[in-house]
Amino acid sequence: MELISENRAFGGTQGVYTHNAHSTRCDMTFGLFLPEEAKVGPVPLIWYLSGLTCTHENAMVKAGAQQWAAEQGVALVFPDTSPRGEGVADDPAYDLGQGAGFYVNATQKPWAPHYNMWDYIAEDLPSFLQEEFPVDLSRQSIMGHSMGGHGALTLAMSLPGRFRSVSAFAPIANPTAADWGRKQLSAYLGDDEAAWAAHDATLLMREKGFDGPILVDTGTDDQFIDLLRPEALAEAANARRQEAILRLQKGYDHSYFFVSSFMEEHIAFHAEALYAD
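Notes on the structure in this doc start here. Here the structure is a predicted model, which means the values were calculated and not measured. (Residues numbered from 1 in each chain as written. Predicted model: local features only at pLDDT ≥ 70, side-chain atom pairs only at ≥ 80, totals over all residues. Heavy atoms only, no water.)

A short note on unusual backbone geometry
Glycine aside, a negative phi is what most residues show, and trans is what most peptide bonds show.
Point 1. At the junction of K109 and P110, the peptide bond is cis and its omega measures out at 0 degrees in the coordinates.
Point 2. Within the secondary structure layout, P110 lies in the loop between β5 (75-79) and α3 (117-132).
Point 3. Its identity is not glycine, yet F10 carries a phi of approximately 50 degrees, on the positive side.
Point 4. On the secondary structure map, F10 appears in the loop between β1 (2-9) and β2 (12-21).
Point 5. Given a relative accessible area of 53%, F10 falls into the exposed group. (Helix = DSSP H or I, 4+ residues; strand = E, 2+ residues; numbered from the N terminus. Buried < 20%, exposed > 50% of the residue type's maximum accessible area, 1.4 Å probe, protein only.)

Considering the packing of aromatic side chains
The geometry of an aromatic ring pair comes down to the distance between the two centres and the angle between the two planes.
Point 1. Here the structure, examined in full by the defined rule, presents 13 aromatic pairs.
Point 2. Centroid distance Y48 to F78: 6.1 Å. Interplanar angle 50 degrees. Geometry classified as tilted. Of this pair, Y48 sits in strand β4 (residues 43-49) while F78 is found in strand β5, placing the two residues 30 residues apart along the sequence. A single burial state applies to Y48 and to F78, both of which are buried.
Point 3. Ring geometry for Y252 and F258: centres 6.1 Å apart, planes at 50 degrees, overall tilted.
Point 4. The buried category is assigned to F258, whose relative accessible area is 0%.
Point 5. Aromatic rings pair up to connect Y17, F30, F128 and F133 into one cluster. (Phe/Tyr/Trp six-rings, centres within 6.5 Å; stacked < 30°, edge-to-face > 60°.)

A short note on the pattern of salt bridges
It is possible for side chains of opposite charge to pair when their charged atoms get near one another.
Point 1. For the structure shown, the criterion picks out nine salt bridges.
Point 2. Connected through salt bridges with shared partners, the residues D217, R247 and E265 form a single ionic network. (Salt bridge = Lys/Arg side-chain N within 4 Å of Asp/Glu carboxyl O.)

By themselves, these observations are geometric and do not establish any function.
In structure tokens:
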């Protein structure tokens, strides 16, 4: 592990680290905020998965999450959104390749050697965090924005018992039925749409649901709302009678101004679940 930077924030520490990841076969960078309580012992962990074009840095700098995490005594991890570096496949489009890993394990060329973001988030990085930092992985929750909201919801529903709560800001909620999804899933997983279903939050909601609380916020003025399809997720949750708070926030768009406006509520929502027992 290489320490890139470390800054004191709200009584805790915001660090940035690079490590070699087995799953992606390259060096990966992540941010980790540890509250002051981590000096005494392991603390609960909240994952924040970012969206298209983002790195570990976007939410770490713009979301205003550290203040509320410090108040609740929880750690925050900000992974990158894709593998990067020399020899890692890319595409000229902003919504494919580096910065657009979509939290899947790619099976198609040229993506398959490195684009294993599902395994990185589900297995590789958790194991590394547990070995190197005072985090309690028996108490973890997950959230994300846009593509990261898609990742948070699909990981939470596919890994029962792993996360105590899940939330999302403007998630890509039904990617198999939208251009933000069909393009990437076909590129990474191939043309067999049956393979895509495991990475669609709406389809997973219909099939599995989530054994815990869900919070989703989407802005009514989100410029990408037709690609996000929040109504599809809401219909699936209602049909399943899933415990969930699904909100449309009047006048908000897709930006980090929106995310930061509701970050305090999302952190408190997760803290309630993380400290429930």
